[in-house]
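Residues per chain are reported as follows:
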Amino acid sequence: MTAFLAVLVLAVWEWGSRTGRISTLFFPPPSATVRALRRLLSTGRLGENLGATLYRVFVGFGLGAAPGLVLGLVSGWSRQLRAVVDPFIAAAHPIPKVAILPLVMIILGIGESSKLAVVAIACFFPMLINAMAAVREIPPIYFEVAENYGADLRRVFSRVVAPATLPLAMSGVRLSLNTALVLTLAVELVAAQKGLGAMMWLAWETLRTADLYATLTVTAILGIGFNLIVQALERYLIPWHAD
Amino acid sequence: MAFECQHLHKIYRTRNGPIPALEDVSFRVEDQEFLCIVGPSGCGKTTLLKLIAGLLEPTSGEITFDGQPADGRPRCALVFQEHGLFPWMTVLDNAAFGLEMRGVDRQERHDRAHAFIGRVGLGAFANCYPHELSVGMRQRVAIARAFVCDPHMLLMDEPFGSLDAQTRLVLQEELLRIWKEYRKQVVYVTHDIEEAILLGDRVLVMTGRPGGIREDIKIPLARPRDLRAGEQHDVAEIKWHIWEILKDEVRKSLYVTA
């Protein structure tokens, strides 16, 4: 049904813009988008820009989510550390991370590192918050069982804390990865020569609407793809979670 | 190894002030003895078990093992009412957990755990996760886990409390059967008077909060026992006697909370 509706909308759109009932400047026919996509693909422009975007997403994610995970696990565990970390989260988390790009560019320059830094900072918080909550929500009974059977600290971590926090940590990964994509696009729109965001901006400046739709389509596929990958990873890593 | 609780007091410090959970609890459990503890809900039975297990420290008083202080505590295994299994481990890994913590290598601990899982009738479920099992099956795994690591003493906190009546009967018999084979010292907490009489050599009756010992009753039933043991005449007497005591305590605790 959904697929049918989608095809129907696309068909009406195609027909409408071909017959001049819909403005082709705003809504070029889907076939034009497909042609633009092919052209971008064959000239290598898409590959090059997609590569730049993926690089920023994954490197930024890695730089931000990894320390977020570690700090989250530790401060979920330690009440003292949590007391220190909590106010910082409360203060820094609500700031829209794009807003700090100019400041970061003053500090790190206009090169790649400032873009990665902004993406990393944005990925850091959802991971930190999820990891922290994950540790705090472990039912005390699991620690009691582990202690009763004589588990040492290392084993409590590997056999209780790590698996118990995995489901929420994976939601952290999903959130962080989505954030990474949003931030990468945002940063590229305003301050990059390469990347899907930069491509969109160029398409807007030159009023090539079909290119814009083509890039949007790729971005959408990217977002959906990330979620599918994380879902597959969850099914593989968390087999005890009943759906 | 016999152990003895001497004048145990436990007071929980909470934001709303101290809450006394246990008051002057003293009793002794002989080696290989099956002791049942009944009491109204909230009387500190679980607290008492955790004190014996060493998961909590008493506010005052002490627990001695053959006269030695508690650092010489022999190995004990706790069985909880519910949710005591790790959801991320298979039945086999759960049952082998105690051995794993003691550093027994993988092959050996799996062999030993497998044998026990088979004994509680779950051999076919070794690679299932707990959420795929019924509550009764999970409790069997929990019991297998406790027995597998060959503890000196078993501490059971209403292990069948959340089961339906029929499943409970089956598991009670199963527990008696396993216990006959592997004589352990058992401290078994329950709110079910019949269960306490059926399983225990002795029954301690506790008062409402703060928990103390009201009475210490010997159960004059021969072993091995089965479910029919509960029908004997003198057992009915004991049952009523315990109920008379508990009725008082339950009433009191209802008034306190009301």
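Remember, it's a predicted structure, so these values are computed and weren't measured experimentally.

Procedures and definitions
Residue numbers run consecutively from 1 along every chain, following the written order of its sequence. Key to labels: chains lettered from A, ligands numbered from 1, both in the order written. For a predicted model such as this one, the threshold for reporting local features is a pLDDT of at least 70, and the threshold for listing and counting side-chain atom pairs is 80 or more; totals across whole chains, interfaces and linings nevertheless cover every residue. Heavy atoms from the whole structure form the basis of all side-chain values; hydrogens and water molecules are not counted. Any two strands are treated as partners once DSSP identifies two or more bridges connecting them. Comment: elements are numbered from the N terminus, with helices defined as DSSP H or I runs of at least four residues and strands as E runs of at least two. Contact definition: two residues touch when any of their heavy atoms are within 4.5 Å. By definition, the buried area sums, over both parts, the 1.4 Å-probe accessible area that each loses when the two are put together. We define a salt bridge as a side-chain nitrogen of Lys or Arg found within 4 Å of a carboxyl oxygen belonging to Asp or Glu. The convention used is that axes are lines fitted to C-alpha atoms, helices contributing only their stretch in contact, and that angles between N-to-C directions extend from 0 to 180 degrees. For a crossing to be left-handed, the near helix must be turned anticlockwise from the far one by less than a right angle; the clockwise case is right-handed. Gly counts as polar in this scheme, as do all residues outside two lists: the nonpolar Ala, Val, Leu, Ile, Met, Phe, Trp, Tyr, Cys and Pro, and the charged Asp, Glu, Lys and Arg.

Peer 1: Break down the pairing of strand β1 (residues 3-14) of chain B for me, citing the residues and quoting the values.
Peer 2: All names here are of chain B. Two elements, β1 and strand β2 (residues 17-29), share nine bridges in a ladder whose sense is antiparallel. Bridging from a neighbouring strand, Glu4 pairs with Arg28 of β2. Two successive antiparallel strands, β1 and β2, enclose a turn made up of two residues.

Peer 1: Summarise the interface of chain B and chain A; cite the residues concerned and give the values.
Peer 2: Each partner contributes to the interface: chain B provides 27 residues, whereas chain A provides 19 residues. Regarding the contact of chain B and chain A, the summed buried area is about 2000 Å², with carbon and sulfur atoms giving 64% of it. Three residues, Leu55(B), Trp88(B) and Met101(B), lead the burial of chain B against chain A; their summed loss comes to 34% of the area buried on that side. At the boundary of chain B with chain A, the tally comes to two salt bridges. Of the charged contacts in the structure, one is a salt bridge between Glu144(A) and Lys50(B), with a shortest N-O distance of 2.9 Å.

Peer 1: Describe in detail the packing of helix α7 (residues 140-148) of chain A against helix α8 (residues 153-191) of chain A, supporting the description with residues and values.
Peer 2: Residue and element names in this part refer to chain A. Put simply, α7 and α8 touch, their axes get as near as 10 Å, and they point 150 degrees apart. The handedness of the crossing between α7 and α8 comes out as right-handed. Touching Tyr142, Phe143 and Ala146 of α7 are Val156, Val160 and Val161, all from α8. Classifying every residue of the contact of α7 with α8 gives six nonpolar, no polar and no charged.

Peer 1: Just give me the short version of the side chain of Glu249(B), but keep the residues and values in it.
Peer 2: Inspection of the secondary structure assignment puts Glu249(B) in helix α8 (residues 233-257). Those residues in contact with Glu249(B) that sit more than four places away from it in its chain are Pro40(B), Met206(B), Thr207(B), Gly208(B) and Arg214(B).

Peer 1: Residues and numbers for the sheet that holds strand β5 (residues 76-79) of chain B, please.
Peer 2: All names here are of chain B. As summarised here, the arrangement of the six strands in space is β5-β6-β7-β3-β8-β9, forming an open sheet in which the pairing is mixed. In this open sheet, the two strands that pair with only one neighbour each are β5 and β9 (213-218). Adjacent strand axes in the sheet meet at a mean angle of 15 degrees, parallel and antiparallel pairs treated alike. Two strands pair when backbone bridges link them, and strand β6 (residues 153-157) and strand β7 (residues 185-190) are joined in this way by five bridges, in the parallel orientation. Looking at β7, one finds that Met153 is bridged to Gln185. Lying over the sheet, helix α1 (residues 45-53) contacts β3 (34-38), β5, β6, β7 and β8 (202-206), oriented at roughly 155 degrees with respect to β6. Sitting on the sheet, helix α5 (residues 135-148) is in contact with β5 and β6, with an inclination near 175 degrees to β5.

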